[in-house]
Amino acid sequence: MTLADQALVSGSNFLLGILLTRALGLEAYGIYALVWMGMTFVGGIQQTLVLAPMMSLGPKESPENQPAYWRATWTINACLSLAGGGLAMLAIATAPWWNGGPLPDYLLTYLPLAVIVYLIQEYLRRYFFIRSQVLWALLVDLVAYLGLLAFIGICWIAGELTLEAVFLGFCGAYGSSSLLGWAASRLTTVSKKKFTHQFKRHWVFGRWLVGTSILQFFSGNFFIIAAGTLSGTGAVGALRMVQNLMGVAHVLFLAMENFVPVRAAASMAEGGIAGLQAYLKQATFKLGGVLGGLLLIVGVAAPWLLGWCYGAEHASYAYLVRGFCLLYILTFTGFIFRYYLRSVEYTFPIFLAYVLSTAFSVIAAYPMVGQFGLMGVIYGMGTAQLVVHLCYLISLKKRLPALRQEA
């Protein structure tokens, strides 16, 4: 059920990318991708302050304390969602200062609401996964993702598909999904005392991860921003088109995020460091084998896949697909390291790793993209991942003896 849900999510995003690229072109798809980068920015903060702590701390709560804990996390997420909507409104209002001109009026109408319903829907689907209510997670995702696809498909057939219609459909689909999920969860707010207690726990858990999320965003996306600056939004559209084709790997990554941290925390609770290591080794071999097979198929069939999905004129970007296949191997192993660090509640190395990788990205992005073009994005992101891995390895080597003693 979990894999089916992630297939739904990634498959829907894959089809969305095809629809927008074919109907609106790479330039418009590039604009959508840049706006979506802002959505993922606030989503990253949600991941570190709400979702990641919830998935590691929630399973450790006693049965009698869990109802209050879930209500507290719901309240934390509601506050964060409103703050995210306000941040989007502020970004749009100040666009003449940082963008050199105002953004389209429809963004002021739809984007703040889109951010709010996106964060609420994401919280509810993760809540259902943690509570082993996978059917409800699947239902809320069906409403959100298939609802958006249906709306966009109707607009395309009617000849009315624009970026404004895309954001309107997003608000409607995700808003309906959020209402359904909230009604099913029956979550309410919690007392100020319990809210403050759980917020402090989440902050202690995620304080380094908040900075890490911001740094991670710029570490990876700074190369894409550089490509857009130097080559235009069409280059951003091409990169996102290729990443969209890699959605088969995203299915696995998203599924991992839903169940590996929870099982890793449970394995450590039962067997200590040895139990945690045994589980993560097993997960690495099994999931890594699946990922390797998928990436091999995508890499070999890249020209045909691009031509079939987006049109023959886009088959020339196959070299980018193969570059991303190699890059995603490093992404996978990075996930495993972070699950280890999160399970032992030692998150500072994650923050430090992205400080270093972001510093590298800021320094190297424009020279590498200027020198190597779009492949400079691949080279740069891969090097940044190697910096992250090296930091993880050094930190764990120094801290592992102490962790074993504490266990």
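The structure contained in this document is the topic of the report that follows.

Looking at the nonpolar core
In terms of nonpolar packing, the biggest core is built from 137 residues, with Leu111, Tyr123, Tyr174, Met256 and Val321 touching the most fellow members. Here this core gets 21 residues from one element, more than from any other, and that element is helix H1 (residues 2-57). Setting aside residues up to four positions removed in sequence, Tyr174 forms contacts with Val117, Tyr118, Gln121, Ala144, Tyr145 and Leu148.

So, a nonpolar patch on the surface
A contiguous nonpolar patch, built from Met1, Leu135, Trp136, Leu139, Leu142 and Leu146 and spanning about 520 Å² of accessible area, is present on the exposed surface. Mapped onto the fold, Leu135 is located in helix H5 (residues 134-157). Among the residues examined, Leu135 registers a relative accessible area of 52% and is labelled exposed.

Topic: the pattern of salt bridges
Applying the stated criterion across every chain, the model contains four salt bridges. The salt bridge partner of Arg125 is Asp141, with a shortest N-O separation of 2.9 Å. You can see Arg125 sitting in helix H4 (residues 105-130) and its partner Asp141 sitting in helix H5, a full 16 residues away along the chain. Overall, Asp141 belongs to the buried group, its relative accessible area being 0%. Within this structure, Asp5, Glu122, Arg125, Arg126 and Asp141 form a network of salt bridges that share partners.

Digging into the environment of Val140
As for its position among the elements, Val140 is in helix H5. With a relative accessible area of 1%, Val140 lands in the buried category. Residues contacting Val140, with those up to four places away along its chain left out, are Gln121, Arg125, Phe128, Ser177, Leu180 and Gly181.

Thoughts on empty space enclosed by the protein
Evaluated as defined, the whole model comprises two cavities of 30 Å³ or more. Of the volumes computed, that of the second largest cavity is approximately 30 Å³. Only H1, H4 and helix H6 (163-185) provide two or more residues apiece to the lining of the second largest cavity. Sorting elements by how many residues they give to the lining of the second largest cavity places H1 first, with three residues. The residue inventory of the lining of the second largest cavity, partitioned by class, reads seven nonpolar, no polar and no charged.

What counts, and where the lines are drawn
Residues numbered from 1 in each chain as written. Predicted model: local features only at pLDDT ≥ 70, side-chain atom pairs only at ≥ 80, totals over all residues. Heavy atoms only, no water. Core = buried A, V, L, I, M, F, W, Y, C linked by side-chain atoms within 4.5 Å. Buried < 20%, exposed > 50% of the residue type's maximum accessible area, 1.4 Å probe, protein only. Helix = DSSP H or I, 4+ residues; strand = E, 2+ residues; numbered from the N terminus. Contact = heavy atoms within 4.5 Å. Patch = residues over 30% accessible without salt bridge, like charges linked within 9 Å, V, L, I, M, F, W, Y side chains within 5 Å. Areas by Shrake-Rupley, 256 points an atom, 1.4 Å probe, with all protein chains shown as cover. Salt bridge = Lys/Arg side-chain N within 4 Å of Asp/Glu carboxyl O. 1 Å grid on protein atoms, 1.4 Å probe; cavity = no way out; pocket = protein on both sides within 12 Å on 5 of 7 lines; lining within 4 Å. Points joined across faces, edges and corners; volume = space filled by probe spheres on them. Nonpolar A, V, L, I, M, F, W, Y, C, P; charged D, E, K, R; others polar.

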